[in-house]
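# Observations on the model geometry
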Amino acid sequence: MAKGKTTAFFCKECGFESAKWLGQCPACKEWNTFVEEPSGKREPAAKRGISGKGDGIAGNQFQNAKPSRLSDIHLDEQDRMKTGYEELDRVLGGGVVKGSLVLVGGDPGIGKSTLLLQVCRNLAADSRKVLYISGEESLKQIKLRANRIGEVKGDLLFLCETSLELIEHAIEEEKPDVVIIDSIQTMFREEISSAPGSVSQVRESTNILMQIAKGAGIAIFIVGHVTKEGVVAGPRVLEHMVDTVLYFEGDRSASYRIIRGVKNRFGSTNEIGVFEMVESGLSEVKNPSEYMLSGRPEDASGAVVACSMEGTRPMLLEVQALVTPTAFGMPRRTAAGTDYNRVNLLMAVLEKRCHYDLSHFDAYVNITGGLRMNEPALDLAIIMAIVSSMKDKAVDPKTIIFGEVGLAGEVRAVSMVQQRVNEAKKLGFNTCVMPEISLGKMGKVEGMRLIGATNVREAIMRVM
Ligand code: TYD
Ligand code: MG
């Protein structure tokens, strides 16, 4: 092999580099994800600088090397652009930051292009100049999609291109405020010999986009498909390079979509935004609790309403459990939408601390709506759903339950109690079972009966 042109093996899930092929990635523990790729010499890093002074894309590297005093750096309100969707702005930490690089990941067909096109439409209507670059769809296809989402006004430009050199040139020419790259896996740089979508192409392309974003103060959204097969690198490879990482989740068979912030240099993570896919694209779901509880069986045993905090927002959801005698052998346990090990742990607490014999029962626990919720505050609701199903006794449908459960069977305090209770009240609940210790922090709430519990046994007694 020619000198300087060596190859290495990369994990296409997380980008881990290894000199030899490995069956399992030591970094992300995925199996069979290594692909061989050239690992050529890279350009010297930060050739263009990322100071964000907005002095053109190819800023002078010596100018940029001058340190600045923190008090001399000025921010203005204009640095955040509203996307027109409160749900998305909250996840972004209050709008899109100028000069930031945002990765939007998700399964193919989940609605990433649709959402970004709608965001572009809103930004353009807000007199921003937007450049949408697609490497996947033709202009005609984009036009068809745009027709579905409604009228487009203002400076919204489209470009179908996959070569980064040409894209860079177009950005320099047009000087947009916002750029969309759909998707990073179709983009390529000519200097790199591997195919588009490979780990090195995806990384190097992102590197260039990062320099453009920081150098020229342009907000860039990068779409990344989550891939399961083939040699195409997944968006996780890029997570450490970008400012903000959003994942678009949801069951493709159901119409709701959740956008979740997993990394954010400009705001908190854990925030979620909820959307619904309708005929005319994605529409915001401003009250997800109502949405999650619709169609709830009111007098079925094993169903309990709980309240989980998603970032700063309380969200009511239904926890269901089905406990049935085991036909033979080992009892079966499953947990959908929550942590399997946590459910096993809670069942062990029930056995040891409350003397329920669960060893001859199968237990299936499900968070309805297809969401994944792992907040410890759901513990008490999960326990209550299991007990309710086992006793075949329904919990009062106007009661919500939350609290963390410890190994000694104690009910521990949770955060943001007031918000949870208020949300429950808003949706017409009249009783709230919560940790005794959190009760002390609460004032009286009109029309809401607050019941404290110090341990699981006491909570079960109060509810059933
Ligand atoms: P898309 O944005 O193309 O997904 P991604 O870019 O993440 O791959 O979403 C495509 C899906 O959305 C497709 O299955 C059809 C559906 N859809 C609607 O239901 N309504 C609409 O108005 C649009 C534009 C798409
Ligand atoms: Mg798409």
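Residues numbered from 1 in each chain as written. Chains lettered and ligands numbered in written order. Predicted model: local features only at pLDDT ≥ 70, side-chain atom pairs only at ≥ 80, totals over all residues.

Condition: UniProt positions are given in the numbering used here, feature names are shortened, and annotations may be inferred rather than shown by experiment.
An unreviewed UniProt entry lists the protein under the name DNA repair protein RadA, with Lacrimispora celerecrescens as the source organism. Listed under Sequence similarities (unreviewed entry) in UniProt, the entry text for the protein is "Belongs to the RecA family. RadA subfamily."

### Observations regarding the sheet that holds strand 2 (residues 17–18)
Inclusion rule: DSSP-based pairing: two strands are paired if at least 2 bridges between them are found. A run of H or I in DSSP becomes a helix once it reaches four residues, and a run of E becomes a strand once it reaches two; helices and strands are each numbered from the N terminus.
On the basis of which strands lie adjacent, the open sheet formed by three strands has the order 2-1-3 and antiparallel pairing. Strands with a single pairing partner mark the edges of an open sheet, and in this sheet they are strand 2 and strand 3 (34–38). Relative to strand 2, strand 1 (residues 7–11) is paired through two bridges, and the arrangement is antiparallel. Bridge assignment links Phe10 to a residue of strand 2, and that residue is Glu17.

### Section: helix 10 (residues 417–426)
Using the following cut-off: Three exposure classes are used. Buried residues have 20 or more other C-beta atoms within 10 Å of their own C-beta, exposed residues have 12 or fewer, and partly exposed residues fall in between, all C-beta atoms being placed from the backbone. Directions pointing from the helix axis toward each C-beta atom define the arc. Two residues qualify as a contact pair if the distance between their C-beta atoms, derived from the backbone, is within 7 Å.
Buried within helix 10 are the following residues: Val417, Arg420, Val421, Glu423 and Ala424. Seen along its axis, helix 10 keeps its buried residues to an arc of 160°; they face one direction. Of the surrounding elements, those touching the buried residues of helix 10 are helix 7 (288–293), strand 15 (303–310), strand 16 (313–325), strand 19 (399–401), strand 22 (431–435) and helix 11 (436–439). Immediately beyond the C-terminal end of helix 10, within one or two residues, lies Gly428, with a positive phi of roughly 85°.

### Some thoughts on the packing of helix 3 (residues 112–125) against helix 4 (residues 139–149)
Applied cut-off: Throughout, an axis means a line fitted to C-alpha atoms (over the contacting stretch in the case of helices), and angles, computed between N-to-C directions, take values from 0 to 180 degrees. Relative orientations are named as follows: roughly parallel for angles under 35 degrees, roughly antiparallel for angles over 145 degrees, roughly perpendicular for angles from 65 to 115 degrees, and oblique for any other angle. Two helices that cross are described as forming a left-handed crossing if the nearer one is turned anticlockwise from the farther one by less than a right angle, and a right-handed crossing if clockwise. Basically, the charged four are Asp, Glu, Lys and Arg, the nonpolar ten are Ala, Val, Leu, Ile, Met, Phe, Trp, Tyr, Cys and Pro, and anything else, Gly included, counts as polar.
Interaxial distance between helix 3 and helix 4 falls to 10 Å at its minimum, and their mutual angle equals 70°. Relative to helix 4, the element helix 3 lies roughly perpendicular. Regarding helix 3 and helix 4, the two cross each other, and that crossing is right-handed. Mapping the contact onto sequence places Thr114, Leu117, Gln118 and Arg121 in helix 3 and Arg145, Ala146 and Ile149 in helix 4. Here the residues of the contact of helix 3 with helix 4 sort into three nonpolar, two polar and two charged.

### Some words on the pairing of strand 22
A large share of strand 22 lies buried, amounting to four of its five residues. Relative to strand 22, strand 19 runs parallel, the two being bridged by three bridges. Within the sheet, the bridge partner assigned to Ile400 lies in strand 22 and is Cys432. Both strand 22 and strand 23 (residues 449–453) contribute to a ladder of five bridges, which runs parallel.

### Here we look at the nonpolar core
Heads up, the rule is: We call a set of buried Ala, Val, Leu, Ile, Met, Phe, Trp, Tyr and Cys residues a nonpolar core when their C-beta atoms link them within 7 Å.
By size, the foremost hydrophobic cluster in this structure holds 118 residues, and its most contacted members are Ile181, Ile220, Ile222, Ala306, Ala381, Met384 and Ile386. If you tally residues by element for this core, the top one is helix 9 (residues 379–391), at nine residues. Non-local contacts of Ile222, meaning those with residues more than four positions away in its chain, are made with Leu101, Val102, Leu103, Val104, Ile181, Ile184, Thr206, Leu209 and Val242.

### Topic: the site of ligand 1
Keep this limit in mind: For each residue, a C-beta position is placed from the backbone atoms; the residue is near a molecule or strand when that point lies within 6 Å of it.
Lys112, Ser113, Thr114, Arg148 and Gly281 are the nearest of the 14 residues found near ligand 1. Taken together, the residues of the shell around ligand 1 break down into three nonpolar, seven polar and four charged.

### Here's the deal with unusual backbone geometry
In this chain, Asp182 is followed by Ser183 through a cis amide linkage whose omega measures -5°. With respect to the secondary-structure elements, Ser183 resides in the loop between strand 9 (178–182) and helix 6 (199–216). Backbone geometry at Lys29 places phi at a positive 65°, although glycine is not the residue there. Within the secondary structure, Lys29 is located in the loop between strand 2 and strand 3. Taking the C-beta count within 10 Å as the criterion, Lys29 has 11 such neighbours and is therefore assigned exposed. One non-glycine residue, His355, lies in the positive phi region at around 60°. Tracing the backbone shows His355 in the loop between helix 8 (340–354) and strand 18 (361–367).

### Observations concerning helix 8
To keep it simple, the criterion reads: In a helix, the anticipated span is given by 1.5 Å times the number of residues less one.
Between its first and last C-alpha, helix 8 extends 21 Å over 15 residues, near the 21 Å set by a 1.5 Å rise per residue. If you check which residues of helix 8 are buried, you get Val343, Leu346, Met347, Val349 and Leu350. For helix 8, the arc enclosing every buried residue in end-on projection is 150°, short of the 170-degree limit, so these residues lie on one face. Exposed side of helix 8, more than 90 degrees from the buried face: Tyr340, Asn341, Ala348 and Lys352 are the residues found there.

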